[in-house]
Amino acid sequence: MRRILFALAAIGGLAALVPSTTQTQTPSASPTVEAAQLAQWIRDAKPGVRIIDHRSKAAFDWYHIPGAELASANSATIIVIADGRELELRGGMQAWLAMLRRPGPLGRYFGGPPRRGGC
Amino acid sequence: MSALFIGIAFGWCLERAGLGDARKLAGQFYFTDLTVFKVMFSAIVTAMLGMFWLTRLGVLHDVYVPETYWLPQLAGGLLFGAGFVAAGLCPGTSCVAAASGRGDGAMVVVGMFAGVLIGGVTLPTSFYESTPRGPLTLPDLLRAPEGVIVFLIVAMALTMFLFVERWERRA
Amino acid sequence: MKRYDDPYVIGAGLGLVLLASFVISGRGLGASGAFTTVAAALVDSPMLNKSGWLLLEIGGVVIGGFLSALTAGRLQFVRSSRMLLSLAGGAVMGVGAVLARGCTSGLALTGGALLSAGSWLFIIAAFAGAYALAPLLRRSWQ
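Note that the coordinates shown come from a computational prediction; the quantities given were computed from them, not determined experimentally. (Residues numbered from 1 in each chain as written. Chains lettered and ligands numbered in written order. Predicted model: local features only at pLDDT ≥ 70, side-chain atom pairs only at ≥ 80, totals over all residues. Heavy atoms only, no water.)

1. Details of the interface of chain B and chain C
Quick note on the threshold: The criterion used for residue contact is that any of the two residues' heavy atoms lie within 4.5 Å. When two parts are put together, the accessible area they lose, computed with a 1.4 Å probe and summed over both, is reported as buried area. When a carboxyl oxygen of Asp or Glu is within 4 Å of a side-chain nitrogen of Lys or Arg, the pair counts as a salt bridge. N or O atoms closer than or at 3.5 Å make up a polar contact, with two conditions inside protein: a donor-capable atom paired with an acceptor-capable one, and, for residues adjacent in sequence, both atoms drawn from side chains. A run of DSSP states H or I qualifies as a helix once it reaches four residues; a run of E qualifies as a strand once it reaches two. Both are numbered from the N-terminal end. Polar here means any residue outside two lists: the nonpolar Ala, Val, Leu, Ile, Met, Phe, Trp, Tyr, Cys and Pro, and the charged Asp, Glu, Lys and Arg; Gly therefore counts as polar.
With 109 residues of chain B at the interface, the matching set in chain C holds 112 residues. Summed over both partners, the interface of chain B with chain C comes to about 9,600 Å²; 77% of that surface belongs to carbon and sulfur atoms. At the junction of chain B and chain C, the tally comes to one salt bridge. Its salt-bridge partner being E15(B), residue R74(C) comes within 2.8 Å of it at the nearest N-O pair. On inspection of chain B and its partner chain C, the count reaches 29 residue pairs in polar contact (both at pLDDT 80 or more). Considering every element that reaches the side of chain B that touches chain C, the biggest residue donor is helix α4 (residues 70-87) of chain B, with 17 residues. Split by residue class, the side of chain B that touches chain C holds 71 nonpolar, 27 polar and eleven charged.

Here's what the structure looks like:
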């Protein structure tokens, strides 16, 4: 039994080396916005703010930033349009989730993170 | 709720591994019984591979990564390790030990409560909140693709398992 | 009294439990969080994380541990032989767990599987701390 498990682990690990064909992580050369800043804008109902979520539909349905629009491009990027400028959410959904977890009024406004991991 | 059943499975596995016995656990740190290492890293590798592949196949999404705080986690880790070798049980296994009727387990549970209360009240918040890095992962930190990190950890774990098995057979 | 299971096999089983936790509950395992939740009911501190989920889970851990011990013939009422060290060790772990935001279950297992940098640091630090203190405690373990 333990040999089978070792073999499976070895296969799983080796196969991990094959680069993913779907998810593309484009490095951000474009101007960025912080998760906390975006949260402020949403809370203050800043006019003209649009959030374009480029993740998969499944990911979007699981959880998306309130008010986000889905534009599936199998990417991890979330674009924010504000003041006529196109900004990339720095750190993507991970950063948004991390912000929700931090103690403070912003996290509480959004009801905290959708699910928690760890601890 | 599912939390209960997951906990039952968790506790069951820990006891089956023998990790409800403080003496057995402590053996890790005297090189007489490396069960802690074997169980922990088998679990980490299994879960890591599972999480990696389930996320890659789109079954899991946006799994929340615990936040990194360099200094508190370094200090907390050192303290935790020290307490661990003194008690021979960790929070989870202490509950298993107590559930199996071991007095050691109950004592560690009581100690843990005291420790958590003391920590919550006396730890300086500035130190607690210092050096935050958010949901930092090893791929981010080392600027390497996630698949490469997964492969390296699997390779490291399997190599160490083989080494440990050979070493134990000689003893 | 049954023999303990193969550590690699049961370790893989533990990994599967962790995976199941994510798929079913959307979160990983934990233990110290249950302790901090109870403590948070007694003192008000931003450093004590609260989680009802973990309270239920740790309840399950107790049940699971009991059932396993029962069915393996390992249920035995043994008095504590190292009372002071168990208490002290537990206390020190408690402080460490608050600082690190978790313990071996939440950080080493869950965080480790998720490749969290801080969790891996915790793993290394915990092993280092334990091995460093071990020689001084050798007598107590005999």
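Text resumes after the structure shown.
2. Let's talk about helix α1 (residues 2-16) of chain A
Applied cut-off: To estimate how far a helix should extend, the number of its residues minus one is multiplied by 1.5 Å. Think of it in three bands: residues with accessible area under 20% of the maximum for their type are buried, residues over 50% are exposed, and the middle band is partly exposed, with areas taken using a 1.4 Å probe on protein chains only. An arc is given here, and it is the one of the directions from the helix axis to the C-beta atoms.
Here α1(A) contains 15 residues, and its C-alpha end-to-end distance of 21 Å stays within 8% of the 21 Å for a straight helix at 1.5 Å per residue. Residues of α1(A) that are buried include every one of F6(A), A9(A), G12(A), G13(A) and A16(A), and no others. Along the axis of α1(A), the buried positions cluster into a sector of 130°, meaning they face one direction only. Structural note: α1(A) exposes R3(A), I4(A), L8(A), I11(A) and L14(A) on the side pointing more than 90 degrees away from its buried face. Elements that come into contact with the buried residues of α1(A) comprise α3 (35-56) and α9 (146-170) of chain B together with α1 (7-25) of chain C.

3. Overview of the interface of chain A and chain C
Contacts between the two partners involve nine residues from chain A and, on the opposite side, 22 residues from chain C. Roughly 1,100 Å² of surface becomes buried between chain A and chain C when both sides are summed, with 59% attributable to carbon and sulfur atoms. At the junction of chain A and chain C, the tally comes to one salt bridge. Summed over the shared surface of chain A and chain C, the number is one residue pair in polar contact (both at pLDDT 80 or more). A breakdown of the residues in the side of chain A that touches chain C according to their chemical character gives four nonpolar, two polar and three charged.

4. Re the sheet that holds strand β3 (residues 68-70) of chain A
Hydrogen bonding along the main chain pairs the strands of a sheet, whether they run parallel or antiparallel. Residues and elements named next belong to chain A. The condition is simple: When DSSP finds two or more bridges between a pair of strands, those strands are recorded as paired.
If you walk across this open sheet you meet the five strands as β1-β5-β4-β2-β3, and the pairing is mixed. With one partner strand each, in any of the chains shown, β1 (32-33) and β3 form the two edges of the open sheet. Pairing of strand β2 (residues 50-53) with β3 involves three bridges; the strand directions are parallel. Across the sheet, the residue bridging to I52 is E69, located in β3.

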